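Each chain, letter by letter, is given below.
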Amino acid sequence: MLLLLGIFLAGWALAQTGSIKLDLKAFRVVSVQEQNRTIERLEPAIEARPGEVVEYQLTAQNTTDTVLRQVALVIPIPASTAYQPSSAQPLQLGDTLVIAEFSFDGGRTYGKLPLKRKVKVMENGKEVEKEVEVKPEEFTHARWVLPQMGARQTVMLKLRTIVR
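Residues numbered from 1 in each chain as written. Predicted model: local features only at pLDDT ≥ 70, side-chain atom pairs only at ≥ 80, totals over all residues. Heavy atoms only, no water.

## Brief notes about the pattern of salt bridges
Our working definition: What makes a salt bridge here is a side-chain nitrogen of Lys or Arg within 4 Å of a carboxyl oxygen of Asp or Glu, nothing more. The way it works is that DSSP assigns letters per residue, a run of H or I at least four long becomes a helix, a run of E at least two long becomes a strand, and they are numbered from the N terminus. Only protein chains enter the area calculation, which uses a 1.4 Å probe; residues under 20% of their type maximum are buried, those over 50% are exposed, and those in between are partly exposed.
For the structure shown, the criterion picks out eleven salt bridges. Notably, a salt bridge pairs Glu101 with Arg143, separated by 2.6 Å at the nearest N-O pair. With a gap of 42 residues between them, Glu101 in strand β9 (residues 101–103) and Arg143 in strand β12 (residues 141–149) connect regions that are remote in the sequence. Given the relative accessible area of 16%, Glu101 is considered buried. A salt bridge links Lys130 to Glu123, with the shortest nitrogen-to-oxygen separation between them at 2.5 Å. In this structure Glu123 comes out as partly exposed when scored by relative accessible area, which is 34%. Three or more residues are tied together by salt bridges with common partners; here these are Arg28, Arg41, Glu43 and Glu52.

## So, the sheet that holds strand β4 (residues 53–62)
Applied cut-off: Any two strands with at least two DSSP-identified bridges between them are counted as paired. Working convention: axes come from line fits to C-alpha atoms, limited for helices to the stretch in contact. Angles between N-to-C directions cover 0 to 180 degrees.
Strand order in the open sheet formed by five strands is β3-β2-β4-β13-β6, and the pairing between neighbours is antiparallel. Looking along the sheet, the strands with just one partner apiece sit at the ends: β3 (37–44) and β6 (81–83). This sheet shows a mean twist of 35 degrees between the axes of neighbouring strands, independent of strand direction. Bridging between strand β2 (residues 20–34) and β4 involves ten bridges; their strand directions are antiparallel. Along β4, the bridge assignment pairs Lys25 with Gln57.

## Focus: the nonpolar core
We apply this condition: Here, the term nonpolar core denotes a set of buried Ala, Val, Leu, Ile, Met, Phe, Trp, Tyr and Cys residues that are joined through side-chain atoms within 4.5 Å. When checking whether two residues touch, look at their non-hydrogen atoms; a contact exists if any pair is within 4.5 Å.
Within the largest apolar cluster, 32 residues are counted, with the highest numbers of intra-cluster contacts made by Leu73, Trp144, Leu146 and Leu159. Looking at this core, the elements with two or more residues in it are β2, β4, β5 (68–76), β7 (91–93), β12 and β13 (154–163). Not counting residues up to four positions away in its chain, the partners in contact with Leu159 are Val54, Glu55, Tyr56, Ile75, Ile77, Tyr83, Ser87, Ala88, Ala142 and Trp144.

## A word on the confidence of the model for the protein chain
Rules: The pLDDT score gives, residue by residue, the confidence of the prediction method on a 0 to 100 scale.
In the predicted model, the protein chain carries a mean pLDDT of 89, and the fraction of residues at 70 or more is 89%. Note that residues 1–16 has pLDDT below 50 and, in this model, 38 contacts with residues that lie over four places away or in other chains.

## Digging into the pairing of β2
The pairing of β2 with β3 spans eight bridges and is antiparallel. Looking at the pairing, Gln33 lines up with Thr38 of β3.

## Focus on the packing of aromatic side chains
Each pair of aromatic rings is reported with the distance of its centres and the angle of its planes. This is how it is decided: Between rings of Phe, Tyr and Trp, where Trp is taken as its six-membered ring, a pair exists when centres lie within 6.5 Å; planes separated by under 30 degrees are stacked, by over 60 edge-to-face, and by other angles tilted. Look at NZ for Lys and CZ for Arg. If either is within 6 Å of the ring centre and within 35 degrees of the ring normal, a charge sits over the ring.
Overall, the coordinates contain three aromatic pairs when judged by the stated rule. With a centroid separation of 4.9 Å and 55 degrees between ring planes, the pair formed by Tyr83 and Phe102 is classed as tilted. Taken as a pair, Tyr83 in strand β6 and Phe102 in strand β9 lie far apart in primary sequence, 19 residues in all. Pair check on accessibility: Tyr83 and Phe102 agree, each one buried. Three or more aromatic residues joined by ring pairs make a cluster, and in this case those are Tyr83, Phe102 and Phe139. Sitting above the plane of the Phe104 ring, Arg117 keeps its charged end 5.2 Å from the centroid.

See below:
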């Protein structure tokens with residue numbers, strides 16, 4: 001399976017178009033044995049097979065001399081992969097810890113974990129609406145909303161997926 005990053009690079013820094021330089025990269029996570037221990041190595045993910053882990057790294061740089069506010073940075077989760085739980089690392093910005101939010105509907109809505117959605121089910125012959133937890137393999141996007149991004153500041157966000 002080829003990973004096509006080009007499709008994902010257009011416009012993932014919301015609200016500050018033109019003010020942020022984005023660089024999204026994909027790496028295959030390879031486990032190797034070294035001196036009686038297993039270590040992880042990252043290799044460019046030109047190709048990945050089912051079951052392999054791919055780490056996405058989004059580097060975002062504020063290219064202006066001003067502070068940007070409410071910057072939403074998004075990493076799409078390709079349909080050919082499933083989000084690996086707990087892999088979207090929080091971002092420490094000074095005293096603020098920015099936690100990832102997730103979407104299961106193509107990036108239209110986002111929420112913090114546990115992510116929930118409403119479904120209609122039949123119960124005792126009646127249709128009722130219930131809230132169910134969305135599974136990580138259903139996630140389509142991860143988003144970090146930075147309260148502010150300093151002048152010329154660069155941040156890196158990461159998450160991992162498993163190839164289906």
